[in-house]
Amino acid sequence: MNRVLPKAIHTSRSFALILLATLVISGLAGVATAGGVGDIIIPTREQAANVNSDTVGVVFTHEELFHQLVHDMEHELEPASGLRIVPVMGKNHVQSVYDLLYLRGIDLALLRADAIEYVKRKGNYPTIQRVVKSVAKVSQEKVVLISRKEYASIEELAGQVVGFGLPGSGEYVTGTIVFDTLGIEPVPVQVDNVQALKNVASGELAAMMYLLREPDAVQTGLDLKASIAISEIAATSDLHVIALPDADGLEQVYTPTTVSHDELPGLIEQGRELASYSVDAILAAYQWRSTARRYEKSSRFVAAFAENLDGLRNDEYQPSWKRVDLATTTPNIGRLPLVEEELAKIEENRLARVEAERLAKRAEAEQIAAEAEEARLRELKIAELARRRDALTERLGEELNEADAADLEAMLQQLDAFLDTRGVAPEPK
């Protein structure tokens, strides 16, 4: 399938060439190290010729969490699928959406889901959800609007200068969508979170958008510095968090949640929880037609992902995998049909296991009942034989002489002993 990139959103030629070069080199490197970590294997001509048929390109931004997630998938899924997962470093979340749509060799993207909504609105692509789907939610971040205490609501930020993060960043995308959805027009400023926090404290900014990562998320660079700076804010400062309003338009893109004092002790009073929303980070996929050449690779990847998800949840990998559930949905994007198929298989296998367990339990119960009935009938038969024996003994005792009676008594004692071993006592004489 050829993808034509409109001029308005054209990826620069040099950027595309760099990414394509990275893709090819990484793919060939994948063949050269196919024997395992540290092994060097010279590919055959056939392997070299087919290098592109077994590669799945994953684009992601320069964030430590995404680095680790891609690394984990390489280690866990490649041996199971026979595919080579090729990491491609993207510019930002918005660019990753365009790369997934138009850049050759890209099948998957790790990105924040609202970047898709951003492209839908700002890139004039109303049908984007038809071709970009979710494989799985891999993480989430809470939307935090930090402002000076003189502003009590988000509505009061209309016309005020608000930090939106760097262009294409999570804060930039989320801030744009939140204010746009609520119909509030601030004066957005593109600034990194560290500087934005300083500017809010000094009064140069009225507020700033911030995405609060999960507690076990690994952060580096400016993300880490901003996280540390926010955690060190004193409760006596002039800063606080503004609660976000309940709005249907926001719930179509984000998941309602709360932020608490435990998460932001210097910004939220003790015992308080403020209404907010969470942004899903997802593994997104291009929805190829079933007749497309790359559809088969997507199918192989999704099957391997579903079958080896438990392996990704091992302690050696990023903790976020432990929270990944294929059945979890993201508000603004549909699930990839290939994942729906895998979920149907999982449910079918679950029902088959339940039915097998039910049949096994029924068979065990029937076996126990049959053995109990057999034992009951055996006891009845032994009891009847003992009764007939005693009746016969009584009749014969009246007709036998003393010697014969003694022999008979000895024989009966032996029979009694035999019956005792079977748990049946003779009736009293």
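Remember, predicted model here, so these are calculated numbers, not experimental data.

### Focus on the overall build of the protein
On a plain count of helices and strands, the protein comes out with 13 helices and 10 strands. Counting over 429 residues, the protein shows a buried share of 45%. Taking contacts inside the protein between residues at least 6 apart in sequence as the whole, the part at least 24 apart equals 76%. Of the roughly 22700 Å² of accessible surface on the protein, 52% is carried by carbon and sulfur atoms.

### Concerning the packing of aromatic side chains
Taken as a whole and judged by the stated rule, the model has 5 aromatic pairs. Taken together, the aromatic side chains of F301, F305 and W321 make up a single cluster linked through ring pairs.

### Section: the nonpolar core
Inside soluble globular proteins, nonpolar side chains tend to come together where they are buried. Counting residues in each nonpolar core, the largest one holds 52 residues, and the members touching the most others are L101, I154 and L157. Elements supplying a minimum of two residues to this core: β2 (84–89), α4 (93–102), β3 (106–112), α5 (114–122), β4 (132–148), α6 (170–182), β7 (207–212) and β10 (273–286). Considering each element in turn, this core owes the most residues, 6 residues, to α4. Judged by nonpolar contacts, the second largest core, of 33 residues, contains F66, I85, F301 and V339.

### Observations concerning the confidence of the model for the protein
Of all residues in the protein, 87% attain a pLDDT of 70 or more, and the chain-wide mean is 85. No element of the protein has a lower mean pLDDT than helix α1 (residues 13–32), at 41, and none a higher one than strand β5 (residues 161–163), at 97. Taken as a whole, residues 1–38 scores under 50 in pLDDT and shows 55 contacts with residues more than four places along the chain or in a different chain.

### Concerning unusual backbone geometry
Phi angles above zero are rare outside glycine, and N124 is one such case at about 55 degrees. If you trace the backbone, N124 turns up in the loop between α5 and β4.

### A look at the packing of α5 against α6
Two measures define how a pair of helices packs: the angle their axes make with one another and the distance between the axes. At a minimum axis distance of 9 Å, the contact between α5 and α6 shows a crossing angle of 60 degrees. As far as their axial angle goes, α6 and α5 are oblique. Considering only the axes of α5 and α6, their crossing is left-handed. Residues D114, A115, E117, Y118, R121 and K122 of α5 form the contact with α6, whose participating residues are Y172, V173, T174, T176, I177, D180 and T181. Of the residues contributing to the contact of α5 with α6, the split by class is 5 nonpolar, 3 polar and 5 charged.

### Some thoughts on the pairing of β2
One ladder, built from 6 bridges, connects strand β1 (residues 55–60) with β2; its direction is parallel. Counterpart to V56 in the pairing with β2 is I85. Considered for its hand, the β-α-β crossover made up of β1, helix α3 (residues 64–81) and β2 is right-handed.

### Topic: the packing of helix α7 (residues 193–202) against helix α8 (residues 221–231)
One way to put it is that α7 packs onto α8 with a least axis distance of 8 Å and a crossing angle of 30 degrees. In terms of orientation, α7 lies roughly parallel with respect to α8. For the pair formed by α7 and α8, the contact residues are N193, V194 and L197 on the first element and L222, K225, A226, A229 and I230 on the second.

### Section: the pattern of salt bridges
The tally for this structure, following the rule as stated, stands at 27 salt bridges. One salt bridge connects D310 with R313, and the closest N-O pair in it is separated by 2.4 Å.

### A look at the side chain of K137
Tracing the chain through its elements places K137 in strand β4. Engagement of the side chain of K137 in a polar contact is seen with the side chain of Q140, the distance being 2.7 Å. Reaching out from K137, the side chain makes a polar contact with the side chain of D280 at a distance of 3.5 Å. Setting aside anything within four residues of it in sequence, one finds K137 in contact with D280, A281, I282, V324, T328 and T330.

Rules and cut-offs
Residues numbered from 1 in each chain as written. Predicted model: local features only at pLDDT ≥ 70, side-chain atom pairs only at ≥ 80, totals over all residues. Heavy atoms only, no water. Helix = DSSP H or I, 4+ residues; strand = E, 2+ residues; numbered from the N terminus. Buried < 20%, exposed > 50% of the residue type's maximum accessible area, 1.4 Å probe, protein only. Contact = heavy atoms within 4.5 Å. Areas by Shrake-Rupley, 256 points an atom, 1.4 Å probe, with all protein chains shown as cover. Phe/Tyr/Trp six-rings, centres within 6.5 Å; stacked < 30°, edge-to-face > 60°. Core = buried A, V, L, I, M, F, W, Y, C linked by side-chain atoms within 4.5 Å. pLDDT = per-residue confidence, 0-100. Axes fitted to C-alpha atoms, helices over the stretch in contact; angles between N-to-C directions. Parallel < 35°, antiparallel > 145°, perpendicular 65-115°, else oblique. Left-handed = near helix turned anticlockwise from the far one by under 90°. Nonpolar A, V, L, I, M, F, W, Y, C, P; charged D, E, K, R; others polar. Pairing = 2+ DSSP bridges. Right-handed = clockwise from strand over helix to strand, strands pointing away. Salt bridge = Lys/Arg side-chain N within 4 Å of Asp/Glu carboxyl O. Polar contact = N/O pair within 3.5 Å; in protein donor to acceptor, adjacent residues only side chain to side chain.

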